[in-house]
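Below are the chains, spelled out letter by letter.
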Amino acid sequence: MFKILLSLLIIFPVLMGFGEIFQKLFGRIWSGLSAKLFSGMFLLAIIWQVLAFFVPLNIWIESISILIGGLSFLYFRSCKDFLNYRKEEIVKFSILSLIIIFAGTYYPFIIDHFGYYVPSIHWLREFGLTKGLANIELIYAQMSVWHIFQAGLSNFSDVFLRINVIFLVVFLLYILEKKAWSMLFVLPVFLFFIQSPNSDLPAIALSLVILNEVMNGNKNVKLLFAFSAFVFTIKPTIVWVLLFVSIYFFKKENFKYAGLGLVVLGIYIFKNILVFGYPFFPIQIGDLKLYWMPHSEVLKESAELAIMKAYDLKFSISEIEKFTVWDYVYNWFTINSYKKYIHFAFVLVVLSFVVFTFIKKDRLTTALFASIVIKSFLVLMFSAQYRFFMGVFFVFFLINFKSTIKEKISYIGFSLEIFLIIISLSFPKLLQNNFISFKSGHYMQGFTQKQIYRPASFASFKYSEFKIGNLKFYVPHHHLAYDTPHPSIAPYSVKKYYEAGIFPQKISKNIKDGFVWKKLSPEEKEELKKIISKF
């Protein structure tokens, strides 16, 4: 807990410094300290994303960035912003922030933390963005700008990867500044996402902030669109907010304000093309015939796995392909898991949106409904996994209870939810025994005394070193790569490459030059078979 507090004391002034620079260049998206902090995140993430094309996000990049942010904080005398708050507000903010920080000290338990977040961040820190990186592990192709942001702060400012704790404290500040009590009511739910650099939290929370600003009458089209584009680069499945802002402010005279947002999207698309070979992961649209694209068999298997995950892996792809329309619907609603209840809730929310839009009949609600429907259609078409439409529930709650939940009710709800969540994190057996299908729950470890000093973290996994062709690589003994040295390939992926008859290779002697795939020779395939047998 002490070390997260120390990180916060380092990172907050830096974000404020870069927020000052952002506001000098592009203006204020709204008034208040939270606007500077969010703007600082925006600017730093975009700068680091561009730098990662050329250099690794190592300690030198972080040190220079910290220095620039700190000097800007001092030059613009940003500390004066704290004088605008009453003592009562500072005390309230401090107490709630400590609760958030404490919740962030528990062990990471989201499965992607081990196989996606940490390996991606370590790669960025060691090599930056690399051509054809998806050929090593396809999951790296979906590398979020949020992981680029975390990588830039992971050398010494936030070595335990708790950037989501910092983000949620800023989100709390926004709520208190704007007196957005309906958001405070739902904030505790995000405490399940702060032990890892999970991209869902900042994407969902920022989308709610943008929606709240539009509902409050914010007409800053340039920055609302830019921040919506930023949310999309954090988590493309939260595309509804970009669609919403575009539809709501759709006027010919507003096109001139789209420049900054288009730059953000352009950088993101270029990043995808460099790493993945296509503009948008995982969609194989816009084939540029680049030689570093992943093998078609690997892409096909990934797409099939995404479809199977929509049914909680209860059916094989051959069984799903034989489904009638009724089978698709029936099996989706009858999964033997807590997920079926989320599916029912999702459909009820969308139907409620229809009624709500018909009753309101205003531009804002219509634009919001249209964006939610388009986003839902895209999710259902590619992979109807419950996690891809969780944000819809928060949106529905906000538009229905924005003006009805008052401060007192919000604090009561917040307190009860905090109690239940801390109990769940401290005594994970409650979740593990009652929600057996909640796979992430099995990584929960409960409370340990060392959390008071430093966040809980797992020890390194064991690994072995191998070589196929010109690629020396490392395979973890666990099924997830976690913090195995790079280039690391999980046992599942090694088997996948064997079945496809291919394997990644370096383009040159320098790893930074990137990777392609090549067909295995009979000898190499036999060697790979021996490697697989070890796991």
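What counts, and where the lines are drawn
Residues numbered from 1 in each chain as written. Predicted model: local features only at pLDDT ≥ 70, side-chain atom pairs only at ≥ 80, totals over all residues. Heavy atoms only, no water. Helix = DSSP H or I, 4+ residues; strand = E, 2+ residues; numbered from the N terminus. Expected span 1.5 Å × (residues − 1). Buried < 20%, exposed > 50% of the residue type's maximum accessible area, 1.4 Å probe, protein only. Core = buried A, V, L, I, M, F, W, Y, C linked by side-chain atoms within 4.5 Å. Contact = heavy atoms within 4.5 Å. 1 Å grid on protein atoms, 1.4 Å probe; cavity = no way out; pocket = protein on both sides within 12 Å on 5 of 7 lines; lining within 4 Å. Points joined across faces, edges and corners; volume = space filled by probe spheres on them. Nonpolar A, V, L, I, M, F, W, Y, C, P; charged D, E, K, R; others polar.

Student: Talk me through helix H7 (residues 163-178); I want residue IDs and the actual numbers.
Tutor: With 16 residues, H7 should cover 22 Å at 1.5 Å per step; its first-to-last C-alpha distance of 23 Å lies within 8% of that length. Burial runs high along H7: 14 of the 16 residues are buried. The first or second residue beyond H7 is Lys-179, which carries a positive phi of 55°.

Student: Talk me through the nonpolar core; I want residue IDs and the actual numbers.
Tutor: One finds Phe-149, Phe-171 and Phe-244 to be the most contacted residues of the largest nonpolar core, which totals 182 residues. Among the elements that line this core, the one with the most residues is H7, at 13 residues. Once you skip the residues sitting within four places of it in the chain, Phe-244 turns out to touch Leu-211, Val-214, Leu-364, Ala-367, Leu-368 and Ser-371.

Student: Kindly report on helix H10 (residues 221-234), identifying the contributing residues and their values.
Tutor: Compared with the 20 Å implied by 1.5 Å per residue over 14 residues, the 20 Å span of H10 between its first and last C-alpha is a close match. Within H10, 13 of the 14 residues are buried, which leaves it mostly tucked inside the rest of the structure.

Student: Pulling in residues and values, what's your account of the layout of surface pockets?
Tutor: Empty space among the atoms becomes apparent when a probe as large as a water molecule is rolled across them. Roughly 570 Å³ of internal volume is contained in the second largest pocket. Considering the residues around the second largest pocket, the lining is formed by 27 residues, among which Ile-90, Phe-93, Ser-94, Ser-97 and Leu-173 are closest to the centre. Within the residue set of the lining of the second largest pocket, elements represented by two or more residues are helix H1 (2-26), helix H4 (87-103) and H7. Broken down by element, the residue count for the lining of the second largest pocket peaks at nine residues, all from H4. Partitioned by chemical class, the residues of the lining of the second largest pocket number 18 nonpolar, two polar and seven charged.

Student: If you had to explain the environment of Val-50 to someone new, which residues and values would you point to?
Tutor: With respect to the helices and strands, the residue Val-50 is situated in helix H2 (residues 33-51). The exposure class assigned to Val-50 is partly exposed, which follows from its relative accessible area of 31%. In sequence terms Val-50 and His-295 are 245 residues apart; their C-alpha atoms lie 27 Å from each other.

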